[in-house]
Amino acid sequence: MEGWDAGTKSALTQIPLLTSRAGPRDGEAWKQRLKEEYKALIAYTSMNKTNDNDWFRIAPANPEGTRWEGSCWYVHNLRRYDFPLQFDIPVTYPATAPEIELPTLDGKTHKMYRGGKICLTVHFKPLWAKNCPRFGIAHALCLGLAPWVAAEVPILVDSGMVKHKDDEVAPAASSS
């Protein structure tokens, strides 16, 4: 945790570490891992709400817990910018971190891969590998998505690549 700000350190210490090394192909062991994931997500979400730092919603999109969907938001210049969020749990999870996608930002920044997958290779993936299997979805959101959104959204807004929903021009009504 060397080099991290106090807020990041505090957040990270409040997210429970996971113990199960199971992935989506591991049957009952995967169900146990999912329980740990839910506990960590609940703790992280509760901590964010307590600290008035609520910034995402997420839920499994299938009963197996291998596809997740939701939304995240960022407030810039007193305006809230919302983005759909999704990712799949890799079959090699937890050895491989999920690739978090913000599809509406696809092609708007070079810090993103095809399909709207945010770039986490340089900073986050080595950290994930070092902490496998203790890190989970909540850690990926806290240490991967949160700093990416905080760094990229202001630049995208200031450059005009992302517009606030209130600034988008509504189509003119056709006259007949």
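Residues numbered from 1 in each chain as written. Predicted model: local features only at pLDDT ≥ 70, side-chain atom pairs only at ≥ 80, totals over all residues. Heavy atoms only, no water.

## A few points about the overall build of the protein
Here's step 1: In terms of helices and strands, the protein carries four helices and five strands.
Here's step 2: Beginning at the N terminus, the succession of helices and strands in the protein can be written as α-α-β-β-β-β-β-α-α.
Here's step 3: The globule rule puts the C-alpha radius of gyration for 176 residues at 16 Å, and the 18 Å found for the protein is close to it.
Here's step 4: Principal-axis analysis of the C-alpha atoms gives the protein an extent of 65 × 40 × 30 Å. (Helix = DSSP H or I, 4+ residues; strand = E, 2+ residues; numbered from the N terminus. Rg over C-alpha atoms; globule rule 2.2 N^0.38 Å.)

## Quick look at the packing of aromatic side chains
Here's step 1: Throughout the structure, instances matching the rule amount to eight aromatic pairs.
Here's step 2: Taken together, a centroid distance of 6.4 Å and an interplanar angle of 65° make the contact between Trp 128 and Phe 135 edge-to-face.
Here's step 3: With relative accessibility at 2%, the residue Trp 128 sits in the buried group.
Here's step 4: The rings of Trp 30, Tyr 93, Phe 124, Trp 128 and Phe 135 are connected pair by pair, giving a single aromatic cluster.
Here's step 5: Cation over ring: Arg 80 sits above Trp 73, and NZ or CZ is 4.0 Å from the ring centre. (Phe/Tyr/Trp six-rings, centres within 6.5 Å; stacked < 30°, edge-to-face > 60°. Buried < 20%, exposed > 50% of the residue type's maximum accessible area, 1.4 Å probe, protein only. Lys NZ or Arg CZ within 6 Å of the ring centre and 35° of its normal.)

## Structural notes on the pattern of salt bridges
Here's step 1: Following the criterion strictly, the structure yields ten salt bridges and no others.
Here's step 2: Here Glu 99 ties to Lys 125 by a salt bridge, and the two come within 3.9 Å at their closest N and O atoms. Remark: Lys 125 occurs in helix α3 (residues 124-130) and Glu 99 occurs in the loop between β3 (79-88) and β4 (112-113); sequence separation between them is 26 residues.
Here's step 3: Several salt bridges converge on common partners, so that one network encompasses Arg 67, Glu 69 and Asp 88. (Salt bridge = Lys/Arg side-chain N within 4 Å of Asp/Glu carboxyl O.)

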